Amino acid sequence: MIDRHILSVTVRDRPGVLVRIAGLFARRGFNIESLSVAQSFQPGISRTTFVVSGEDATIEQVEKQLQKLIDVIKVVDHTKSKYVDRELMLIKVQVDTAEDRVEIRQIAQDFRARIVDVAREALVFEVTGDEGKLTAFIDQMQVFGIVELIRTGRIALPRSAADPKPGAKQARAA
Amino acid sequence: MKGAQVVLKALERQGAEVIFGHPGGAIMPVYDALYDEKLRHVLVRHEQAGAHAADAYYRASGRVGVVFATSGPGATNLVTGLATAQMDSSAVVAVTGNVPLPLIGTDAFQEADVYGITGPITKHNYLVKEVNDIPRIVAEAFYIASSGRPGPVLIDVPKDIQLAEFTGSFEVEVDLPGYKPTVVGHAGQIKRAAKAIRGARKPIMMVGGGGQTAFEEVNTFAEKTGIPVITTLMGIGTYPAGVPQSLGMPGMHGTVTANRAITHCDLIVGAGLRFDDRVTGKISRFAPNAEVVHIDIDPAEISKLVRAHVPVVGDLRDVLPRLTAELGRLDIDEWWETLEEWKGRYPERFKLDKPLVSQEVIQMFREATGGDCVVTTEVGQHQMFAARLFPTNRPRTWITSGGLGTMGFGLPAAIGASFARPGEPVVCIAGDGSVQMNIQELATIYRHQLPIIIAICNNGMLGMVRQWQEMFHAQRYSEVYLADSNPDFARLAEAYGIDGFNIFDRETAAELIPEVLARGKPAVMNFVVYESEKVFPMIPAGAGVDEMIIGDQEPEEADLATKEVKVG
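Everything quoted here is computed from the prediction, not taken from an experiment. (Residues numbered from 1 in each chain as written. Chains lettered and ligands numbered in written order. Predicted model: local features only at pLDDT ≥ 70, side-chain atom pairs only at ≥ 80, totals over all residues. Heavy atoms only, no water.)

S.K.: Help me understand the overall build of chain B in this model?
M.R.: Looking only at helices and strands, chain B features 21 helices and 20 strands. Rg of the C-alpha trace for chain B: 24 Å, near the compact-globule value of 24 Å for 568 residues, within the 12% margin. Out of the 568 residues in chain B, the part that is buried amounts to 62%. A total of about 20600 Å² of accessible surface is found on chain B, and carbon and sulfur atoms cover 52% of it. (Helix = DSSP H or I, 4+ residues; strand = E, 2+ residues; numbered from the N terminus. Rg over C-alpha atoms; globule rule 2.2 N^0.38 Å. Buried < 20%, exposed > 50% of the residue type's maximum accessible area, 1.4 Å probe, protein only. Areas by Shrake-Rupley, 256 points an atom, 1.4 Å probe, with all protein chains shown as cover.)

Printed below as a string of structure tokens:
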């Protein structure tokens, strides 16, 4: 069965590591739906989050192949346990009339979207949430006209119950 | 001390003794430093050959092979060699020069993105950006190349780094948080494996290239349990073919007995192999009744193609003895009766009702050497004939390009193997097609007077392609004919200063082979053989193991002109 998986890949911050990972996905025919990369709290270590879809066996192979890369420290498939995920979106919505402005702001409030830029013809919102929420917000805004939007891609962490040993403490103990 | 010297000192500290390579502009500082060093350098005539030689040096000795090349074309010439080493899990460290750092990315003369190009075909690679990192990077490269599942590592060193003044230390620690090969097998999994094996009535063991490091362990396991043993193309030499427990090679051109055993067995102990498609044929028809115990050091190979019921990740040298300790002799007499019947019915055989054939030439080499030599092969029909008729008795003595199937591998591999095992006879079984892909290395063989015999099974054709065209492409022989423009191989050898022989009949072959072997000198023996010979059995590409075409291995086809051979 084809499912979506969120993979967290902890990597050493080395030049070329992202190319290596992207190359691996490409070569083995795995599709990346979204990808986000940023530094972790440990110096020299980055955390990347991939959303990939595929059959279980395929995803297992992705994980193992990633794990084989020397600069990859850890691979976690969040979808195997409980997790929280979020995505950040910046969206510029067209504002034609005063009524529209009121209505857009009202909807934004319902979504807890923050206004980050105000202009006469457009508003820019910052929206955070899971995928469903972002999609719903986009749907709502479509009637007014979306000028531009950008999304960070999903990031995720396991819920605490699923990971009783926090990484930070482990690192200190070591 | 300059970076270039640091590279050499760091290699020496890792135990490098022999380096294969070819100089050029961007690696000249290293070659300049080499002028004063003890390190032995073997000048090859093409970088690809250097990579193959380094690869074979590892395969023959277990010591990391080292190859040098310059930037751009030098480095891109390594690509086939690195990919070959990667596919067959061979520990190679390649050092390439590159244009100075400030010129990288500017399309400078002889510049190529070597780091980018070699990423997918190496176990790991480096672009050195700081001279003081060299000792650490070289140490890491050797460790990564030779530990876990071995593989090639490339170190790209820009020329300005080679010329930079070194102020660092050689005392380095290898700390790779993302690289911790699992060597020790999980105790619970080993127990589960033992239980499965004890319960089997029709088990087989399949040993792959991973077994080259675990000869004793494989043999002790087989001896104690009495399990039938199949060795894959990469596993030849890990279990002596002459032992009655050996069923030979599986797969596309495997023995009838090995392939039937796979189809009928109820359990496979897969040890250090990756169930390559040339072994399995169509996966859904592979060993349909078998429970699979898969022991491998690379977790990514477990259940990649064939689902493992009992996976054991670990080094065979750890896992097999522990598994052996759990087991006694297996109760499989009935299974052996069946296997013996197949083995009796299907010995290796070939027909002599035609001119000289490759099989008999190869068989003559086996007889003359007793299998106690190093065998390298090129790729094609001769490779399959050699795998079946000329398996060696000891590990690390059978050297062939299995995964990548690289034509042009065998000749330079013979050079690497010869440096790894000085004085031992090396026989390179070649075809007239493959041998021309790195024929320039006859110069290297001459230069070092290596005891290598290149036995060309010359059918004037790209034989394996011809075989497929005959069987699957309606005898449309497209671009396989070589005979009209092959060189006179004996005279070619002589032009390089090497003894050359053109041999056309079986009497001369039988006479000359032992004689030339006894000389202990380089020689090219060109055997002009029957052009239409085919390799059987054969499992057509995409077919199941049970759909094997037995062809001339069928006893009904046998007559007085058939020679039956006991291998080993």
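S.K.: Help me out: how do you make sense of the sheet that holds strand E4 (residues 72-77) of chain A in this one?
M.R.: As a general point, the strands of a sheet are linked pairwise by backbone hydrogen bonds and lie either parallel or antiparallel. Residue and element names in this part refer to chain A. Strand order in the open sheet formed by four strands is E2-E3-E1-E4, with antiparallel pairing between adjacent strands. Every other strand in the sheet has two partners, leaving strand E2 (32-39) and E4 as the edge strands with one partner each. Adjacent strand axes in the sheet meet at a mean angle of 20°, parallel and antiparallel pairs treated alike. Here eleven bridges tie strand E1 (residues 2-12) to strand E3 (residues 45-55), and the two strands are oriented antiparallel to one another. (Pairing = 2+ DSSP bridges. Axes fitted to C-alpha atoms, helices over the stretch in contact; angles between N-to-C directions.)

S.K.: Would you explain helix H9 (residues 187-199) of chain B in this entry?
M.R.: Turn by turn, an α-helix covers 3.6 residues, leaving residues three or four places apart pointing in a common direction. Residues and elements named next belong to chain B. Over its 13 residues, H9 runs 19 Å from end to end, which matches the ideal 18 Å to within 8%, given 1.5 Å per residue. All of the buried residues in H9 are Gln 189, Ile 190, Ala 193, Ala 194, Ala 196 and Ile 197. Within H9, the buried residues cover an arc of 165° as seen down the axis, which keeps them to one side. More than 90 degrees from the buried face of H9, the exposed residues found are Lys 195 and Gly 199. (Expected span 1.5 Å × (residues − 1). Arc of directions from axis to C-beta.)

S.K.: In this structure, what is going on with the environment of Leu90(A)? I would like to understand it.
M.R.: All names here are of chain A. Within the secondary structure, Leu 90 sits in strand E5 (residues 83-94). A residue is classified by how much of its surface remains accessible, and Leu 90, at 38% relative accessible area, is partly exposed. Put simply, Leu 90 and Glu 148 are 58 residues apart on the chain and 8.3 Å apart in space, counted from C-alpha to C-alpha. Not counting chain neighbours up to four residues away, the residues in contact with Leu 90 comprise Val 116, Phe 125, Glu 126, Glu 148, Leu 149 and Ile 150. (Contact = heavy atoms within 4.5 Å.)

S.K.: Would you explain the sheet that holds strand E11 (residues 291-296) of chain B in this entry?
M.R.: All names here are of chain B. If you walk across this open sheet you meet the six strands as E9-E8-E7-E10-E11-E12, and the pairing is parallel. A single partner strand is all that each edge strand has here, and the edge strands are strand E9 (246-248) and strand E12 (310-313). Across the sheet, the mean angle from the axis of one strand to that of its neighbour is 20°, orientation sign disregarded. Pairing of E11 with E12 involves four bridges; the strand directions are parallel. Along E12, the bridge assignment pairs Asp 296 with Val 313. Along the sheet, helix H11 (residues 256-264) makes contact with strand E7 (203-207), strand E8 (229-231) and E9, crossing E9 at roughly 105°.

S.K.: Please clarify how the interface of chain A and chain B should be interpreted in this entry.
M.R.: It is common to report an interface's size as the accessible area lost on association of the parts. Contacts between the two partners involve 16 residues from chain A, matched on the other side by 19 residues from chain B. Taken together, both faces of the contact between chain A and chain B bury some 1400 Å²; the carbon and sulfur share is 50%. There are one salt bridge connecting chain A and chain B. Where Lys68(A) meets Asp298(B), a salt bridge forms, and the shortest distance between an N and an O atom there is 2.6 Å. Applying the counting criterion to the chain A and chain B interface returns seven residue pairs in polar contact (both at pLDDT 80 or more). For the side of chain A that touches chain B, the secondary structure elements donating two or more residues are helix H1 (17-27), helix H2 (56-68) and E4 of chain A. For the side of chain A that touches chain B, the element with the highest residue contribution is H2(A), accounting for five residues. Partitioned by chemical class, the residues of the side of chain A that touches chain B number five nonpolar, four polar and seven charged. (Buried area = accessible area lost by both parts, 1.4 Å probe. Salt bridge = Lys/Arg side-chain N within 4 Å of Asp/Glu carboxyl O. Polar contact = N/O pair within 3.5 Å; in protein donor to acceptor, adjacent residues only side chain to side chain. Nonpolar A, V, L, I, M, F, W, Y, C, P; charged D, E, K, R; others polar.)

S.K.: Teacher, can you tell me more about the confidence of the model for chain B here?
M.R.: The predicted model of chain B has a mean per-residue pLDDT of 96, with 99% of residues at 70 or higher. Both scores are available for the predicted complex, with the pTM at 0.94 and the ipTM at 0.88. (pLDDT = per-residue confidence, 0-100.)

S.K.: How should the pairing of strand E5 (residues 124-127) of chain B be read in this particular structure?
M.R.: Residues and elements named next belong to chain B. With four bridges connecting them, E5 and strand E6 (residues 153-158) associate as parallel partners. In the sheet register, Tyr 126 faces E6, and the bridge partner there is Ile 155. Where the polypeptide runs from E5 across helix H7 (residues 134-146) and back to E6, its parallel neighbour, the crossover connection is right-handed. (Right-handed = clockwise from strand over helix to strand, strands pointing away.)

S.K.: So what exactly am I meant to see when it comes to a negative patch on the surface here?
M.R.: All names here are of chain B. Taken together, the side chains of Asp 331, Asp 333, Glu 334 and Glu 337 define an acidic patch exposed on the protein surface. Examined against the element boundaries, Asp 333 turns out to sit in helix H14 (residues 333-345). Using a relative accessible area of 55% as the deciding quantity, one classes Asp 333 as exposed. (Patch = residues over 30% accessible without salt bridge, like charges linked within 9 Å, V, L, I, M, F, W, Y side chains within 5 Å. Lys, Arg positive; Asp, Glu negative; His and termini not counted. Charge placed at Lys NZ, Arg CZ, Asp CG, Glu CD.)

S.K.: When you look at the pattern of salt bridges in this model, what are you seeing that I'm missing?
M.R.: This structure, assessed with the given rule, holds 42 salt bridges over all chains. Measuring nitrogen to oxygen at the nearest pair gives 3.6 Å for the salt bridge that ties Glu126(A) to Arg114(A). Placement of Glu126(A) in strand E7 (residues 122-129) and of Arg114(A) in strand E6 (residues 114-118) is noted, with a sequence separation of twelve residues between them. On the basis of relative accessible area, Glu126(A) is assigned to the partly exposed category, the value being 21%. Arg466(B) serves as the salt-bridge partner of Glu470(B), at 2.3 Å between the closest nitrogen and oxygen.

S.K.: What am I meant to see in unusual backbone geometry here?
M.R.: A negative phi holds for most residues other than glycine; trans holds for most peptide bonds. Here the residue pair Phe536(B) and Pro537(B) is connected by a cis peptide bond, since its omega of -5° sits within 30 degrees of zero. Inspection of the secondary structure assignment puts Pro537(B) in the loop between strand E19 (523-528) and strand E20 (562-565). Positive phi values are uncommon outside glycine, yet Arg112(A) reaches one of about 50°. One can find Arg112(A) in the loop between helix H3 (98-110) and E6. Under the relative-accessibility criterion, Arg112(A) is labelled exposed at 72%. Even without being glycine, Gln110(B) reaches a positive phi, approximately 55°. Summarising the element assignment, Gln110(B) is placed in the loop between strand E4 (92-98) and helix H6 (114-118). The partly exposed category is assigned to Gln110(B), whose relative accessible area is 27%.

S.K.: Explanation requested: the packing of H11(B) against H14(B) in the structure shown.
M.R.: In helix packing, the relevant descriptors are the interaxial angle and the interaxial distance, both defined with respect to the helix axes. Residue and element names in this part refer to chain B. Orientation of H11 relative to H14, taken along the N-to-C sense of each, is 150°, at an axis distance of 9 Å. The chirality of how H11 crosses H14 is right-handed. Note on element contacts: H14 touches H11 through Trp 335, Leu 339, Trp 342 and Lys 343, opposite Thr 257, Arg 260, Ala 261 and His 264. (Left-handed = near helix turned anticlockwise from the far one by under 90°.)

S.K.: What am I meant to see in the environment of Val379(B) here?
M.R.: Residue and element names in this part refer to chain B. Among the structural elements, Val 379 can be located in the loop between strand E14 (374-377) and helix H16 (381-389). Val 379 sits 52 residues away from Gly 431 along the chain, and the two C-alpha atoms are 7.6 Å apart. Here Val 379 is in contact with Ser 401, Gly 405, Thr 406, Met 407 and Ser 434, once residues within four sequence places are set aside.

S.K.: Help me understand the nonpolar core in this model?
M.R.: It is characteristic of soluble globular proteins that their nonpolar side chains tend to be buried jointly. All names here are of chain B. Formed by 57 residues in total, the largest nonpolar core has its most connected members in Ile 204, Met 205, Met 206, Ile 268, Phe 286, Ile 295 and Leu 323. For this core, the leading source of residues is H9, giving five residues. Counting residues in hydrophobic clusters, the runner-up holds 47 residues, among them Phe 409, Ile 415, Ala 430 and Phe 489. (Core = buried A, V, L, I, M, F, W, Y, C linked by side-chain atoms within 4.5 Å.)

S.K.: What is the right way to look at the side chain of Asn98(B) in this model?
M.R.: With respect to the secondary-structure elements, Asn98(B) resides in strand E4. Beyond its immediate sequence surroundings of up to four residues, Asn98(B) is in contact with Ala26(B), Ser71(B), Ile104(B), Glu111(B), Ala112(B), Asp156(B), Val157(B), Pro158(B), Lys159(B) and Gln162(B).

S.K.: It is not clear to me how the pairing of E7(B) should be interpreted in this structure. Could you clarify?
M.R.: For a regular strand, the rule is simple: side chains alternate between the two faces of the sheet. Residue and element names in this part refer to chain B. Counting buried positions along E7 gives five out of five residues, so the element sits mostly inside the fold. Where burial is concerned, the two faces of E7 agree: the one with Pro 203, Met 205 and Val 207 and the one with Ile 204 and Met 206 are both buried. The pairing of E7 with strand E10 (residues 267-271) spans five bridges and is parallel. In the strand pairing of E10, Val 207 is matched with Ala 271. Across three bridges, the pairing between E7 and E8 is parallel. What sits directly across from Met 205, in E8, is Val 229. On the question of chirality, the crossover connecting E7 to the parallel E8 by way of helix H10 (residues 215-225) is right-handed.

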